[in-house]
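Listed below, chain by chain, are the residues.
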Number of protein chains: 2
Amino acid sequence: MTVGRAGDPVDRARTVGEVGERRLITELTRAALADDSVGPLAGHDIVIGSGDDAAVIDTAGPTVISTDTSVQGRHFRFDWSDARTVGARAVIQSAADIAAMGGRTTGIVVSIGCPPDTTVGTVLDLNAGIVETAHRIGGRVLGGDLVAADQVVLGVTAVGALDGAVPIVVGGARPGDVLAVTGHALGASAAGLALLVDADTRGDTGHLDEFPTLLAAYRLPSPDLTQGPVAARAGAHAMTDISDGLIEELITMATAAGLALDVQTDRIPTDAAVHDAAATLGMDPQEWKLTGGEDHELLAAFPPGVLPPGWTRIGDVGLGSAVRVDGRVVRGLHGWQSFGD
Amino acid sequence: MTVGRAGDPVDRARTVGEVGERRLITELTRAALADDSVGPLAGHDIVIGSGDDAAVIDTAGPTVISTDTSVQGRHFRFDWSDARTVGARAVIQSAADIAAMGGRTTGIVVSIGCPPDTTVGTVLDLNAGIVETAHRIGGRVLGGDLVAADQVVLGVTAVGALDGAVPIVVGGARPGDVLAVTGHALGASAAGLALLVDADTRGDTGHLDEFPTLLAAYRLPSPDLTQGPVAARAGAHAMTDISDGLIEELITMATAAGLALDVQTDRIPTDAAVHDAAATLGMDPQEWKLTGGEDHELLAAFPPGVLPPGWTRIGDVGLGSAVRVDGRVVRGLHGWQSFGD
């Protein structure tokens, strides 16, 4: 990482190319350290934070680590989401992977790539969303990198702690397990995206005002990531986050375990807005629930009788090797998922 | 991270868009696990490796973490470096930051962004360079992400262990300390870059064959990163890696400590090729030695009398607040360093 150096306050209207990498990194570091929303965990695990070649974090036990990258025009558009929300979402994406192992996110490192003519304000807003969200989920921004690129590319690597729990792999399901998910509206993010695509295609934003919760779910999914450690403590056998759609995750889980997973669609948590939006757009709400990505809710297999509050049973694990939805065997989507913008 | 699933071997000539993200991630994971060059450390610290939502690594003591991103056309060009070397270099960049804290790199997570029409072969070669280099320096590839982007963007986050050493910050120098660097030819990477730029500008690659070591130094710096932990054990007070040029790093170190750093240019390690290339191009070899980035050698401040083998004394730390080269106060470069391609 590049080490920033202090200076005068920086003008939000200037460009990244004008202000320079080191100068702006100093601002980003300052913002990461200055956020006063930080709760009682502040500095607890951090030996050396932002502002050196590398950070040092000291959490007892194994370290969970995952990385995710969001690309402008592929994973987000600044006319659909403001920079703050784009930054926040990138943190949730990586933190959901930590939660999916049963971990809590303790820190993140961030890479921001952007065109030189990007305004300083845009980068500061991206960073503000990143810092706020990291703090909100109990983590800290440990450092980052700022580079020139042809489009905005946001990489977040999250590290986390297991606090004594056994990490929960995706392939650990056992016959007789109960399949369950967190959240109250799978497919909400896909519904929000469909509304934005529809408005874009028709050149008419008329429907957008009717579905604020779905747009919010697309712009910034809000899974309860504390359910990851809860599931681990409850003895979950397998877990993953729903980033590529429920069916894709079920197929991965079934393939990894060599088992059959049966899901009943009427058990999948949904809400009226998802169904209303589907009716408005003439689309199938089941498709959003089953294949809609980016909700980042958790999918897990629990032994019978231990399902914690916050989880909804959607099916069961049995012998065989298939994913069945309402009794019918399904196959995965193909193609490059991240192209679905 | 996305969880890959197994399948048939993949055709190197096909494109990433044709083959799909999950399929290719499976191949990348397979390559990371299959490399038989892995030495006795294999699997030692890894609880869960590539292939799940997140990896779990269990190294005793604090975790050092740093991230760096390389962008096609900014930090590398495929007509100047092959994909394998580009991947290898990205690992060295991040691992040098871990070494600069006194740590040894135990694992990396990788983000590869690329245009959908990138060949599978290019991505496999990038990955091969990443995996080989991670293994060579004693680390493992813990996981990664593959996304569509307009240009190749390579993000490497490295984690490392301190093995009981105190982390060495950039600002810890004390009056009376000895300034020292690793390596035998600072500026070699900048010289190699200058040769490539010259050949590009003149449309004549005639000089390139004369300076293979400089081209190699540009394409893949080879700092001895074990000197980071060596310096920590020897009691170094401050350390950083030379990624933005010696003077920039000296200014950062002086500013952070509020001290004066004095350097003598005739002590800076160099070699004949750097001077010969400068003469050939009509350029100043001192500028490469003082401001050439990307050597990734280490710069440290040691208490007197403890300088380990492998380090060259280039100057001293005193009271005041300045960087002086041969007695003259110098100022840093400005602008966005990563634009210097």
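Residues numbered from 1 in each chain as written. Chains lettered and ligands numbered in written order. Predicted model: local features only at pLDDT ≥ 70, side-chain atom pairs only at ≥ 80, totals over all residues. Heavy atoms only, no water.

A.B. asks: Explain the overall build of chain A to me, please; I cannot follow it from the model alone.
C.D. replies: Summing up its helical and strand segments, chain A has 10 helices and 13 strands in all. Seen along its three principal axes, the alpha-carbon backbone of chain A occupies a region of about 65 × 55 × 30 Å. Every one of the 341 residues in chain A was classed for burial, and the buried ones make up 60%. Within chain A, contacts between residues separated by at least 24 positions form 83% of all contacts whose residues are at least 6 apart in sequence. Accessible area of chain A: about 12,200 Å², with a carbon and sulfur share of 52%. (Helix = DSSP H or I, 4+ residues; strand = E, 2+ residues; numbered from the N terminus. Buried < 20%, exposed > 50% of the residue type's maximum accessible area, 1.4 Å probe, protein only. Contact = heavy atoms within 4.5 Å. Areas by Shrake-Rupley, 256 points an atom, 1.4 Å probe, with all protein chains shown as cover.)

A.B. asks: For this particular structure, what's the right way to read the pairing of strand β3 (residues 63-71) of chain B?
C.D. replies: For a regular strand, the rule is simple: side chains alternate between the two faces of the sheet. For β3 of chain B, the buried fraction is high: nine of the nine residues fall into the buried class. The alternating pattern of β3 of chain B places Thr 63, Ile 65, Thr 67, Thr 69 and Val 71 of chain B and Val 64, Ser 66, Asp 68 and Ser 70 of chain B on opposite faces, both of which are buried. Across three bridges, strand β2 (residues 55-57) of chain A lies against β3 of chain B in antiparallel orientation. The partner of Ile 57 of chain A across the bridge, within β3 of chain B, is Thr 63 of chain B. Pairing of β3 of chain B with strand β6 (residues 153-161) of chain B involves nine bridges; the strand directions are antiparallel. Bridged to Thr 63 of chain B within β6 of chain B is Ala 161 of chain B. (Pairing = 2+ DSSP bridges.)

A.B. asks: For this particular structure, what's the right way to read the domain arrangement of chain A?
C.D. replies: Interface size, as often reported, equals the accessible area lost upon joining of the parts. All names here are of chain A. One can read the domain layout of chain A as domain 1 (16-161) and domain 2 (178-339). Between the C-alpha centres of domain 1 and domain 2 the distance comes to 26 Å. In this assembly, 20 residues from domain 1 lie in contact with 22 residues from domain 2. Note that Asp 200 is salt-bridged to Arg 77, the shortest N-O span being 3.1 Å. Taken together, the connections running from domain 1 to domain 2 amount to four residue pairs in polar contact (both at pLDDT 80 or more). Per-element tally for the side of domain 1 that touches domain 2: the top contributor is helix α3 (residues 83-99), with nine residues. Taken together, the residues of the side of domain 1 that touches domain 2 sort by class into nine nonpolar, six polar and five charged. (Domains from an automatic or database assignment. Salt bridge = Lys/Arg side-chain N within 4 Å of Asp/Glu carboxyl O. Polar contact = N/O pair within 3.5 Å; in protein donor to acceptor, adjacent residues only side chain to side chain. Nonpolar A, V, L, I, M, F, W, Y, C, P; charged D, E, K, R; others polar.)

A.B. asks: How should the interface of chain B and chain A be read in this particular structure?
C.D. replies: At the interface, 70 residues of chain B touch 69 residues of chain A. In total, about 5,600 Å² of surface goes out of reach between chain B and chain A, with carbon and sulfur atoms giving 57% of it. Between the two partners, chain B and chain A, sit eight salt bridges. Between Asp 150 of chain A and Arg 74 of chain B there is a salt bridge, with its nearest N and O atoms 3.5 Å apart. Joining chain B to chain A, the criterion identifies 26 residue pairs in polar contact (both at pLDDT 80 or more). (Buried area = accessible area lost by both parts, 1.4 Å probe.)

A.B. asks: Would you take a moment to explain the relation of the copies chain B and chain A for this structure?
C.D. replies: Copy one and copy two of the chain differ by a rotation about an axis and a translation along that axis. Structural alignment of chain B on chain A gives an RMSD of 0.0 Å, achieved by rotating through 180° and translating 0.0 Å along the axis. The operation mapping one copy onto its partner corresponds to a two-fold rotation axis. Interface residue correspondence from chain B to chain A reaches 99%, placing this contact among same-surface, isologous pairings. (Least-squares fit on C-alpha atoms with pLDDT ≥ 70 in both.)

A.B. asks: It is not clear to me how the side chain of Glu 249 of chain A should be interpreted in this structure. Could you clarify?
C.D. replies: Structurally, Glu 249 of chain A can be placed in helix α8 (residues 246-257). With sequence-adjacent residues up to four places away left out, Glu 249 of chain A is seen in contact with Thr 240, Asp 241, Ile 242, Ser 243, Asp 244 and Leu 299 of chain A together with Arg 22 of chain B.

A.B. asks: What is the right way to look at the packing of aromatic side chains in this model?
C.D. replies: Aromatic rings in a pair are described by how distant their centres are and how their planes are angled relative to each other. Taken as a whole, this structure holds six aromatic pairs over all chains when the rule is applied. The aromatic ring of Trp 80 of chain A is capped on one face by Arg 77 of chain A, whose charged end is 3.9 Å from the ring centroid. (Phe/Tyr/Trp six-rings, centres within 6.5 Å; stacked < 30°, edge-to-face > 60°. Lys NZ or Arg CZ within 6 Å of the ring centre and 35° of its normal.)

A.B. asks: What is the right way to read the UniProt feature "binding site: Mg(2+) 3" (unreviewed entry) in chain A from this model?
C.D. replies: UniProt's entry tags Asp 53, Asp 97 and Asp 241 of chain A with the feature "binding site: Mg(2+) 3" (unreviewed entry), counted in the numbering of this structure. These residues run over 189 residues, and the two farthest C-alpha atoms among them are 31.8 Å apart, placing them at more than one spot. Summarising the element assignment, Asp 97 of chain A is placed in helix α3. Looking at Asp 97 of chain A, the relative accessible area reads 2%, which means it is buried. Only 3.3 Å separates the side chain of Asp 97 of chain A from the side chain of Ser 66 of chain A, close enough to count as a polar contact. Relative to the assigned elements, Asp 241 of chain A resides in strand β8 (residues 238-241). Contact partners of Asp 241 of chain A, with chain neighbours within four places excluded, come to Ala 96, Asp 97, Ala 100, Glu 249, His 296, Glu 297 and Leu 298 of chain A together with Asp 53 of chain B. (UniProt positions renumbered as here; feature names shortened; annotations may be inferred.)

A.B. asks: Just checking my understanding: could you explain the confidence of the model for chain A for this structure?
C.D. replies: The predicted coordinates ought not to be read in detail in places where the model reports low pLDDT. Chain-level statistics for chain A give a pLDDT mean of 91 and a share of 92% at 70 or above. A low-confidence stretch, residues 333-341 of chain A (pLDDT under 50), is modelled with 28 contacts involving residues beyond four sequence positions or located in other chains. (pLDDT = per-residue confidence, 0-100.)

A.B. asks: When you look at the pairing of strand β5 (residues 140-148) of chain A in this model, what are you seeing that I'm missing?
C.D. replies: Residues and elements named next belong to chain A. Most of β5 sits out of view: eight of its nine residues are buried. Here strand β4 (residues 104-114) pairs with β5 via eight bridges, running parallel. If you follow Gly 113 over to β5, its bridge partner there is Val 147. Taken together, β4, helix α4 (residues 120-136) and β5 form a β-α-β motif whose crossover is right-handed. (Right-handed = clockwise from strand over helix to strand, strands pointing away.)

A.B. asks: Help me out: how do you make sense of the sheet that holds strand β9 (residues 260-263) of chain A in this one?
C.D. replies: Think of a sheet as strands paired side by side through backbone hydrogen bonds, with each pair either parallel or antiparallel. Residue and element names in this part refer to chain A. Strand order in the open sheet formed by seven strands is β8-β10-β7-β11-β9-β12-β13, and the pairing between neighbours is mixed. In this open sheet, the two strands that pair with only one neighbour each are β8 and β13 (328-329). Of the strand pairs in this sheet, β9 and strand β11 (residues 311-318) are connected by four bridges, and their pairing is antiparallel. Bridge pairing links Leu 261 to Val 317 in β11.

A.B. asks: Help me understand the environment of Trp 80 of chain A, please; the structure alone is not making it clear to me.
C.D. replies: Residue and element names in this part refer to chain A. Mapped onto the elements of the fold, Trp 80 is located in the loop between β3 (63-71) and α3. The class for Trp 80 is buried, based on a relative accessible area of 8%. Spatially, the C-alpha atoms of Trp 80 and Ala 96 are 22 Å apart, while their sequence positions differ by 16 residues. The residues touching Trp 80, leaving out its near neighbours within four places in the chain, are Leu 193, Leu 196, Val 197, Asp 200, Tyr 218 and Arg 219.

A.B. asks: So what exactly am I meant to see when it comes to the environment of Gly 87 of chain B here?
C.D. replies: All names here are of chain B. Relative to the helices and strands, Gly 87 resides in helix α3 (residues 83-99). On the basis of relative accessible area, Gly 87 is assigned to the buried category, the value being 0%. Separated by 28 residues in the primary sequence, Gly 87 and Thr 59 have C-alpha atoms spaced 25 Å apart. The residues touching Gly 87, leaving out its near neighbours within four places in the chain, are Leu 126, Gly 129, Ile 130 and Leu 154.

A.B. asks: Sorry if this is basic, but what is going on with the UniProt feature "binding site: Mg(2+) 4" (unreviewed entry) in chain A here?
C.D. replies: Residues given the UniProt feature "binding site: Mg(2+) 4" (unreviewed entry) here are Asp 53, Ser 66 and Asp 97 of chain A. The named residues occupy 45 residues along the chain; their greatest pairwise C-alpha distance, 25.6 Å, places them well apart from one another. Among the secondary structure elements, Asp 53 of chain A is positioned in the loop between β1 (46-48) and β2. Owing to a relative accessible area of 1%, Asp 53 of chain A belongs among the buried residues under this scheme. Filtering out sequence-adjacent residues up to four positions away, Asp 97 of chain A remains in contact with Ser 66, Asp 68 and Asp 241 of chain A together with Met 1, Asp 53 and Ala 54 of chain B.

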